[in-house]
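Residues per chain, in single letters:
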Amino acid sequence: MMRTLTVILLVVIVALGVQSWRLSSAHTKIDAQQSAIKAQGKKLTQKNSQLIALNILTQTNSRAQTQLYAAAEQNNRLLRDRQRTIEELKRENEEFRRWAGASLPDAVIRLRQRPALTGGQSYREWMSQNHPVPPGTGRPTQ
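What counts and what doesn't
- Residues numbered from 1 in each chain as written.
- Predicted model: local features only at pLDDT ≥ 70, side-chain atom pairs only at ≥ 80, totals over all residues.
- Heavy atoms only, no water.
- Helix = DSSP H or I, 4+ residues; strand = E, 2+ residues; numbered from the N terminus.
- Buried < 20%, exposed > 50% of the residue type's maximum accessible area, 1.4 Å probe, protein only.
- Areas by Shrake-Rupley, 256 points an atom, 1.4 Å probe, with all protein chains shown as cover.
- Axes fitted to C-alpha atoms, helices over the stretch in contact; angles between N-to-C directions.
- Parallel < 35°, antiparallel > 145°, perpendicular 65-115°, else oblique.
- Contact = heavy atoms within 4.5 Å.
- Nonpolar A, V, L, I, M, F, W, Y, C, P; charged D, E, K, R; others polar.
- Salt bridge = Lys/Arg side-chain N within 4 Å of Asp/Glu carboxyl O.

**So, the overall build of the protein**
Then comes step 1: Along the backbone of the protein there are 4 helices and 0 strands.
Then comes step 2: Reading the protein from its N terminus to its C terminus gives the helix and strand order α-α-α-α.
Then comes step 3: For the protein, the residues scored as buried account for 1% of the 142 residues in total.
Then comes step 4: When the accessible area of the protein is evaluated, it comes to approximately 13700 Å², of which 59% is carbon and sulfur surface.

Structure, rendered in structure tokens:
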């Protein structure tokens with residue numbers, strides 16, 4: 001009987017040891033999974049913040065585009081009005097018609113000539129080259 005009791009006690013101790021080891025292993029896995037969940041939560045929070053910032057940027061861009069389209073439409077309307085006014089003046093006034101049809105003087109044409117600039121760097125390069133304004137042929141105004 002004593003022997004049986006010892007064997008049962010030994011089996012119980014071994015079973016408790018195995019169960020303790022399994023429990024410790026399960027706790028280790030749970031801790032690792034909790035750490036992974038925290039890391040994923042941080043990543044998710046960062047992505048959420050990025051999405052919110054992107055949404056705000058998209059809304060701002062959309063408003064700016066709407067304003068630009070409205071300004072372009074207004075400029076087109078003003079240009080049409082100006083061209084209509086010029087045409088009306090040409091029909092009404094012979095002197096204005098002659099003046100509008102005359103070509104610009106050479107000095108004015110030279111002032112309006114400039115290279116096709118494609119950004120700030122090309123403008124700085126063009127400005128750094130010495131481009132003097134040609135001397136006028138008329139008297140200075142007083």
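From this point, things continue past the structure.
**Some details on the packing of helix 1 (residues 2–92) against helix 2 (residues 94–101)**
Two numbers describe a pair of packed helices, the interaxial angle and the distance between the axes.
Then comes step 1: Taken N-terminus to C-terminus, the directions of helix 1 and helix 2 make an angle of 120°; their axes are 5 Å apart at the nearest point. Judged by the inter-axis angle, helix 1 sits oblique to helix 2. When helix 1 is examined against helix 2, the residues Ile86, Leu89, Lys90, Arg91 and Glu92 are found in contact with a partner set consisting of Glu94, Phe96, Arg97 and Ala100.
Then comes step 2: In terms of residue class, the contact of helix 1 with helix 2 is made up of 4 nonpolar, no polar and 5 charged.

**Some details on the pattern of salt bridges**
Then comes step 1: Per the stated rule, a full pass over the model turns up 5 salt bridges.
Then comes step 2: The residue arginine 84 makes a salt bridge to aspartate 81 at a minimum N-O spacing of 3.0 Å. With arginine 84 and aspartate 81 both in helix 1, this residue pair falls 3 residues apart, about one helical turn.
Then comes step 3: The class of aspartate 81 is partly exposed, set by a relative accessible area of 27%.
Then comes step 4: Glutamate 94 is the partner of arginine 97 in a salt bridge, and the nearest nitrogen-oxygen pair spans 2.5 Å. Of the two residues, arginine 97 and glutamate 94 are both situated in helix 2; the distance of 3 residues between them amounts to about one turn of the helix.
Then comes step 5: The exposure class assigned to glutamate 94 is partly exposed, which follows from its relative accessible area of 42%.
Then comes step 6: Several salt bridges converge on common partners, so that one network encompasses Glu94, Arg97 and Arg98.

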